[in-house]
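Structural description and commentary
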Amino acid sequence: MGFGACLKGEEYGFLRENEHLGKHVILLGVAGSYAYGTNNENSDLDVRGIALNRKSDLLGMTGFEQYVDERTDTVIYAFRKIVTLLLSCNPNVVELLGLRREHYLYLHPVGEALLEQKAMFLSKRAIQSFGGYADAQLRRMQNALARDRFPQSEKEQHIFRSVKNAMYDFHRRYRTFEDGGLHLYIDQAVNPELETEIFVDVNLKHYPLRDYKNMWNEMHNVVKEYDKIGKRNRKKDDDHLNKHAMHLMRLFMMAIDILEEGKIETYREAEHELLMDIRMGKYQKPDGMYREEFYEMLSEYEKRLHIAAEHTSLPEEPDLKKVQEFVMWAHERVIKDEL
């Protein structure tokens, strides 16, 4: 597929016409399934890119963080923003530095220099960032399975854990429970349609009503999501579920590469067959649950990530001095009108 030719079409005119883009774009690449090598006949072309901040952003009063075109599923990050995301080893932007050469649709010399020096962003921060994203994918899978396929008592346990997770940082965002609090637990159901259900003991005095309302809404929304059983398209849901399962494994693979070898490899050629098998549902049972082999494989990748994290030669933090020098060099090009 001639990806580059697509950008010349009218629908991508914003790349040339938008004041934040045009000559300021330093890198464009494919994203999503084409970038990972897991595309099929139904896959759409997603584009991600980077544009240098303008002179007025650097010296004046204007600002720019990213440009999003929903019609073409294109996201262009401002240079300043993507540097911050790269320093935290954010998987969604790190993968943009590890594409196959033919998957880069445009590279300015500044973009080329960024790719040549991408190792300066790698650090042990990848352990938390990739691990956190993998955990989020796993929770999405568990949420979908819990809503539709677990026995009621198991669903209630899952809802309970999700509500507890939502409550985790209440103390950070709301007034502390100085006198009383909220106690959540599972017990024999009062509702005759349930076996067990979640109960809450509330003991609060002189507590701000708005804070209590916000906390209640957060807990209510979690329960509300689980109560949407039977209102979804099972086939469509299984497709999404298998994509989450595939991305879960892919994140482990990328993280292990980064920690073991210090390389960013977005296109998963060696694991292509495995990832496609997961995406096509070959690890699902007829009832929609996952086979034991899937969880054994997941456990093995988790162990490998743990070992890689313990033995990685990556520094604790990225090379901030080198990043700073690169950012100043790029900004100087903008200020001197050398793009």
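Read on for a plain summary of the structure. (Residues numbered from 1 in each chain as written. Predicted model: local features only at pLDDT ≥ 70, side-chain atom pairs only at ≥ 80, totals over all residues. Heavy atoms only, no water.)

1. A few points about the packing of aromatic side chains
Selection rule: Here the aromatic set is Phe, Tyr and Trp, taking the six-membered ring for Trp, and pairing holds for ring centres within 6.5 Å; pairs whose planes are under 30 degrees apart are stacked, those over 60 apart are edge-to-face, and all others are tilted. Numbering of helices and strands starts at the N terminus; helices are DSSP runs of H or I of at least 4 residues and strands are runs of E of at least 2. For every residue, the accessible area obtained with a 1.4 Å probe (protein chains only) is divided by the maximum for its type, and the residue is called buried under 20%, exposed over 50%, and partly exposed between those limits. Both a distance and an angle decide whether a charge sits over a ring: NZ of Lys or CZ of Arg must be within 6 Å of the ring centre and within 35 degrees of the ring normal.
If you walk through the whole model with that rule in mind, you get 8 aromatic pairs. A centroid spacing of 6.2 Å and a plane angle of 50 degrees characterise the contact between Phe79 and Phe326, whose relative ring orientation is tilted. Of this pair, Phe79 sits in helix H5 (residues 79-87) while Phe326 sits in helix H15 (residues 320-335), placing them 247 residues apart in sequence. Phe79 sits in the buried class, given a relative accessible area of 0%. Both rings, one in Tyr185 and one in Phe199, keep their centres 6.0 Å apart while their planes meet at 20 degrees; by these two values the pair is stacked. On the criterion of sequence distance, the pair formed by Tyr185 in strand E6 (residues 180-188) and Phe199 in strand E7 (residues 196-204) is long-range, its members being 14 residues apart. For Tyr185, a relative accessible area of 24% corresponds to the partly exposed category. What makes Phe199 partly exposed here is its relative accessible area of 22%. Put simply, the rings of Tyr283, Tyr290, Phe294 and Tyr295 touch in pairs and so form one group of aromatic residues. Taking NZ or CZ as reference, Arg100 lies 3.7 Å from the ring centre of Tyr267, over its face.

2. Quick notes on the pairing of strand E1 (residues 25-31)
Put simply, the rule reads: For two strands to be treated as a pair, DSSP must find at least two bridges joining them.
Within E1, 7 of the 7 residues are buried, leaving the element largely enclosed by the surrounding structure. Here E1 pairs with strand E2 (residues 46-51) via 6 bridges, running antiparallel. What sits directly across from Val25, in E2, is Ala51. Examined bridge by bridge, E1 and strand E5 (residues 104-107) share 3 bridges and lie antiparallel to one another. Residue Leu28 lies in a different strand from E5, and its bridge partner there is Tyr106.

3. Regarding H15
We apply this condition: One fewer than the residue count of a helix, multiplied by 1.5 Å, yields its expected span. Throughout, the arc means that of the directions going from the helix axis to the C-beta atoms. Between two residues, a contact is recorded if the distance between any of their heavy atoms is within 4.5 Å.
End to end, H15 covers 22 Å across 16 residues, agreeing with the expected 22 Å (1.5 Å per residue, within 8%). Three or more residues of H15 are buried, namely Val323, Phe326, Val327, Ala330, His331, Arg333 and Val334. End-on, the buried residues of H15 take up no more than an arc of 150 degrees, which puts them together on one face. Against the buried residues of H15 lie helix H4 (55-59), H5 and helix H7 (109-116). Asp337, located one to two residues past H15, shows a positive phi value of around 55 degrees.

4. Observations regarding helix H14 (residues 292-311)
Counted at 1.5 Å a residue, the expected span for H14 with its 20 residues is 28 Å, and the 29 Å between its end C-alpha atoms agrees. Those residues of H14 that fall on the buried side of the exposure criterion are Phe294, Met297, Leu298, Tyr301, Leu305, Ala308 and Ala309. Taken around the axis of H14, the buried residues stretch over an arc of 115 degrees, which confines them to a single face. Those residues of H14 that are exposed and angled more than 90 degrees off the buried face are Glu292, Glu310 and His311.

5. Remarks on the pattern of salt bridges
Opposite charge on two side chains makes pairing possible when the charged atoms of those side chains draw close. Heads up, the condition is: Counted as salt bridges are all cases of a side-chain nitrogen of Lys or Arg within 4 Å of a carboxyl oxygen of Asp or Glu.
According to the stated counting rule, one finds 17 salt bridges in the structure shown. The residue Arg48 makes a salt bridge to Asp73 at a minimum N-O spacing of 3.6 Å. Of the two residues, Arg48 sits in strand E2 while Asp73 sits in the loop between strand E3 (66-69) and strand E4 (74-78), which places them 25 residues apart along the sequence. Looking at Asp73, the relative accessible area reads 33%, which means it is partly exposed. Each of Arg100, Glu102 and Glu269 takes part in a single network of salt bridges with overlapping partners.

6. A word on empty space enclosed by the protein
What counts is decided by this rule: Only protein atoms enter the 1 Å grid used here, on which a cavity is any set of points holding a 1.4 Å probe that cannot leave and a pocket is any open set flanked by protein within 12 Å on both sides along at least five of seven lines; residues with an atom within 4 Å of a point are listed as lining. Grid points are joined across faces, edges and corners, and a volume is the space filled by probe spheres set on the points. Residues are grouped as follows: Ala, Val, Leu, Ile, Met, Phe, Trp, Tyr, Cys and Pro are nonpolar; Asp, Glu, Lys and Arg are charged; all remaining types, including Gly, are polar.
Considering all chains together, one arrives at 1 cavity of 30 Å³ or more under this definition. The computed volume of the largest cavity comes to approximately 40 Å³. Together, Val30, Ala31, Ala35, Arg48, Asn92, Glu95, Leu96, Leu99 and Thr266 line the largest cavity. Each residue belonging to the lining of the largest cavity can be placed in one class, and the counts come to 5 nonpolar, 2 polar and 2 charged.

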